[in-house]
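Report on the structure
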Amino acid sequence: MTALEDMLQAEEAVLPENRVNLPQDEIPTRYYNIQADLREPLPPPLDPKTKQPVNPALLERLFAKELVRQEVSQERFISIPDEVLEAYARIGRPTPLVRARRLERFLKTPAKIFYKAEYLSPTGSHKPNTALAQAYYNSKQGTERLVTESGAGQWGSALAMSAALFGLKCRIYMVRISYQQKPGRRTMMETYGSEVLPSPSDATNFGKSLLAKDPNHPGTLGIAISEAIEDTVTREDTRYSLGSVLNHVLLHQSIIGQEAKKQFESIDVQPDVIAGCIGGGSNFAGFAYPFMMDKLKGKLDAEFVACEPKAVPSTTRGVYTYDFGDAAEMTPLVKMYTIGHKYLSPPIHSGGLRYHGKAPSLCALINNGHVRSVAYHQNEVFQAARTFAQTEGLIPAPETAHCIKYIIDEALRCKETNQDKVIAFNNCGHGLLDLKAYEDFLAGKLIDYEPSKIEVETYVN
Ligand SMILES: *Cc1c(COP(=O)(O)O)cnc(C)c1O
């Protein structure tokens, strides 16, 4: 045999395990709802004035009815409508589960590293999994226009695409600093037919009040949320859409982990470590919760690790308490790990990880020790991303890179202790529209910001 044939044969031997595909008819047909398996029910969202649980019916002014029903549902599984399953197939689901063999070899680790390739969606992240569902339920009930906010632009582009596919108008309030840093994302949303405004904007009273004080206000996700809500409640034809944090969003993302479980089962492997980055918690939850279901039932002994930036340390330095979801105090009070709803995030490049709080179910799981969290600085994160790009060939989103930093460290620990752990992570986004961040990193211009002032008020004892 020639050397080439030799090599091809060796490659062939590893291929089936390298990339685990699922046929299209194995897209999960139900969403998994972790609320059914939590030992204690989640603390309910509270009206800030009365401190009493919010009547879910009031949320129907903001969200499609079916989404409100899902938000408070305690059912373990919720059927996915055929139209949404078709849309998932159209954007390329199921995504493959990939073994990062070249990264393993480079690290000389006995650990096995697998990732779920969510970056393969048309907009480059996991966000369409919920955007398509939200656009569908809204179009079904006759909503004409969707409004949302976007930080990095990943969510905005996913909703813009989904609004286009289901025939809805869409307006996106984009955090001004991202609007300036990521013109590519804005063009993408406009190409899909959405209207994009830098936030704070002069389209809302809240935005105007902030611009009056500072015409160059960089904006925050909390402010953009407030503007989107104000826009929604002043127009009958409009509903609001949120890309993370809420129960129904996490539920939609559960198709990621359900697919991954089938893929692991098909090669007879069980993950020992399950990791993801956390902005609001949706990609982590979507990947991890179907495995967490098994852990909560004592059927899986895995470790769950959530990765966040040191500059926005919601779960590593925050407080587990009731806080507002937005800067203008328009949302109910939600029990979560928070660094304060007025937190001014340092301008890190991971726009998707700048939110002050995290999803309530994730926070409950962190609080009772089922999920551990870790935090990193920008430079070490981009260094890890570069290693990943040079070994695996993919340039990850800066958000995802926080998790890649963790899995590389974990794989190196496995090398020291000679453990062949199976490490799985959600590869939730590519970085092809974040090259300015890589440019700054390569030029040595990235700053490892310390957190801003953390101020958490107590609203409920
Ligand atoms: C939006 C986004 C995040 C953060 O949001 P989660 O709800 O925590 O997933 C992380 N990574 C990417 C690529 C994103 O687009």
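Look a little higher up for the structure.
Just so it is clear, the structure is predicted and the values come from calculations on it, not from any experiment. (Residues numbered from 1 in each chain as written. Predicted model: local features only at pLDDT ≥ 70, side-chain atom pairs only at ≥ 80, totals over all residues. Heavy atoms only, no water.)

Taken together, 17 residues surround the ligand, and among them Lys-127, Ser-244, Gly-279, Ser-282 and Asn-283 come closest. Within the side chain of His-126, an N or O atom sits 3.1 Å from an oxygen atom of the ligand. Relative to its unbound accessible surface of 380 Å², the ligand loses 97% to contact with the protein. (Near = heavy atom within 4 Å. Polar contact = N/O pair within 3.5 Å; in protein donor to acceptor, adjacent residues only side chain to side chain. Areas by Shrake-Rupley, 256 points an atom, 1.4 Å probe, with all protein chains shown as cover.)

Let us now look at the pattern of salt bridges. Evaluated as defined, the whole model comprises 24 salt bridges. As a salt-bridge pair, Glu-329 and Lys-342 come within 3.6 Å of each other at their nearest N and O atoms. One end of the pair, Glu-329, is in the loop between β12 (319–324) and β13 (333–338); the other, Lys-342, is in the loop between β13 and α14 (360–367), and 13 residues separate them in sequence. With relative accessibility at 54%, the residue Lys-342 sits in the exposed group. Between Glu-455 and Lys-453 there is a salt bridge; the shortest N-O distance is 3.9 Å. No difference in accessibility class separates Glu-455 from Lys-453, as the two residues are exposed. A single salt-bridge network, built from bridges that share partners, covers Arg-93, Lys-116, Glu-118 and Glu-259. (Salt bridge = Lys/Arg side-chain N within 4 Å of Asp/Glu carboxyl O. Helix = DSSP H or I, 4+ residues; strand = E, 2+ residues; numbered from the N terminus. Buried < 20%, exposed > 50% of the residue type's maximum accessible area, 1.4 Å probe, protein only.)

It is worth spelling out the side chain of Glu-308 at this point. In this fold, Glu-308 is placed in strand β11 (residues 303–309). Buried within the structure, Glu-308 lacks any salt-bridge partner; Lys-358 is the closest side chain of opposite charge, at an N-O distance of 4.8 Å. A polar contact is formed between the side chain of Glu-308 and the side chain of Thr-316, at a distance of 2.5 Å. Not counting residues up to four positions away in its chain, the partners in contact with Glu-308 are Ile-278, Pro-313, Ser-314, Thr-315, Thr-316, Lys-358, Val-374, Ala-375, Tyr-376 and His-402. (Lys, Arg positive; Asp, Glu negative; His and termini not counted. Contact = heavy atoms within 4.5 Å.)

This part covers the environment of Leu-146. With respect to the helices, strands and loops of the structure, Leu-146 is situated in strand β6 (residues 145–150). For Leu-146, a relative accessible area of 0% puts it in the buried group. For Leu-146 and Ala-203, which are 57 residues apart along the polypeptide, the C-alpha to C-alpha distance reads 15 Å. Ignoring sequence-local partners within four residues, the contact set of Leu-146 consists of Ala-135, Asn-138, Leu-159, Leu-168, Lys-169, Cys-170, Arg-171 and Arg-239.

This part takes up unusual backbone geometry. Where the residue is not glycine, phi is negative for most of them; where a peptide bond is considered, it is trans in most cases. A cis amide bond links Arg-93 with the next residue in sequence, Pro-94, at an omega value of -5°. For Pro-94, the position within the fold is in the loop between α3 (82–90) and β4 (97–99). The phi torsion at Glu-329 lies on the positive side, around 60°, for a residue other than glycine. Positive phi values are uncommon outside glycine, yet Asn-418 reaches one of about 55°. Along the chain, Asn-418 falls in the loop between α16 (398–417) and β15 (422–427).

Given 3.6 residues to a turn, an α-helix orients residues that are three or four positions apart in the same direction. Restricting attention to buried positions, one finds in helix α17 (residues 435–442) the residues Ala-437, Tyr-438, Asp-440 and Phe-441. Looking down the long axis of α17, one finds its buried residues gathered within 160° of arc, a one-sided arrangement. Looking at the buried residues of α17, the elements they touch are α15 (378–392) and α16. Downstream of α17 by a residue or two, Gly-444 has a phi angle that is positive, lying close to 70°. (Arc of directions from axis to C-beta.)

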